[in-house]
Amino acid sequence: DLKQNLEYLKLRYILEHLEETTLQASRKKWSHIDCLTHLIAGEAEFRRDRSIQRRISQARFPVIKTLEQFSWSLK
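Residues numbered from 1 in each chain as written. Predicted model: local features only at pLDDT ≥ 70, side-chain atom pairs only at ≥ 80, totals over all residues. Heavy atoms only, no water.

Caption draft 1: Up close: the environment of K3. Within the fold, K3 resides in helix α1 (residues 2-8). The exposure class of K3 is partly exposed, given its relative accessible area of 36%. Spatially, the C-alpha atoms of K3 and D34 are 20 Å apart, while their sequence positions differ by 31 residues. Not counting residues within four places of it along the chain, the set of residues in contact with K3 comprises L15 and E19. A polar contact of 2.8 Å, which involves the side chain of K3, links it to the side chain of E19. (Helix = DSSP H or I, 4+ residues; strand = E, 2+ residues; numbered from the N terminus. Buried < 20%, exposed > 50% of the residue type's maximum accessible area, 1.4 Å probe, protein only. Contact = heavy atoms within 4.5 Å. Polar contact = N/O pair within 3.5 Å; in protein donor to acceptor, adjacent residues only side chain to side chain.)

Here is the structure:
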C-alpha cells in the first residue's frame, strides 16, 4: 500500500499532500513526472525547513531574531 510505504520511508510531506496534489494534477493535466516533481520538491523544502528549525533549537540561542527584528544602528 502506497500510504504504508510513505509512512515507512518517513515521507511525511508527500503522505500529507498526496491526494490534494494528485487532484490538482488531474485538474491542470500535469504529467506523472510533473506531479511527482511537485511532491518531491515539497518534501525537500519540508526537510530543509525542519533541519533549520532543529539546528536553531540545538544552538540554544538566548533570543531568536529575524533580520527584520535586528537593530542595524551602530551605538
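Caption draft 2: The nonpolar core, seen in detail. In this structure, L6, I14, L18, A25, C35 and L39 together form the largest nonpolar core, which totals 6 residues. Ranked by residues supplied to this core, first place goes to helix α2 (residues 12-28) with 3 residues. Apart from the residues within four sequence positions on either side, A25 is in contact with W30 and C35. (Core = buried A, V, L, I, M, F, W, Y, C linked by side-chain atoms within 4.5 Å.)

Caption draft 3: Just α2, in detail. The terminal C-alpha atoms of α2, which comprises 17 residues, lie 24 Å apart, in line with the 24 Å expected from a rise of 1.5 Å per residue. For α2, the principal kink sits at L18 and spans about 60 degrees. Within α2 the residues assigned to the buried category are Y13, I14, H17, L18, T21, Q24 and A25. Buried residues along α2 sit in contact with α1 and α3 (32-59). Taken from the residues just after α2, K29 is the one with a positive phi, measuring 60 degrees. (Expected span 1.5 Å × (residues − 1). Bend = angle between axes of the 7 residues up to and from the residue.)

Caption draft 4: Inspection of the pattern of salt bridges at higher detail. For the coordinates displayed, the defined rule picks out 3 salt bridges. In this structure, R47 engages E43 in a salt bridge whose closest nitrogen and oxygen atoms are separated by 3.0 Å. Placement of both R47 and E43 in helix α3 is noted, with a separation of 4 residues, approximately one turn of the helix. When the shortest N-O distance is used, the salt bridge between E45 and R48 registers 3.0 Å. Here the residue E45 and the residue R48 both occupy positions in helix α3, the gap between them amounting to 3 residues, near one helical turn. Given a relative accessible area of 48%, R48 falls into the partly exposed group. (Salt bridge = Lys/Arg side-chain N within 4 Å of Asp/Glu carboxyl O.)

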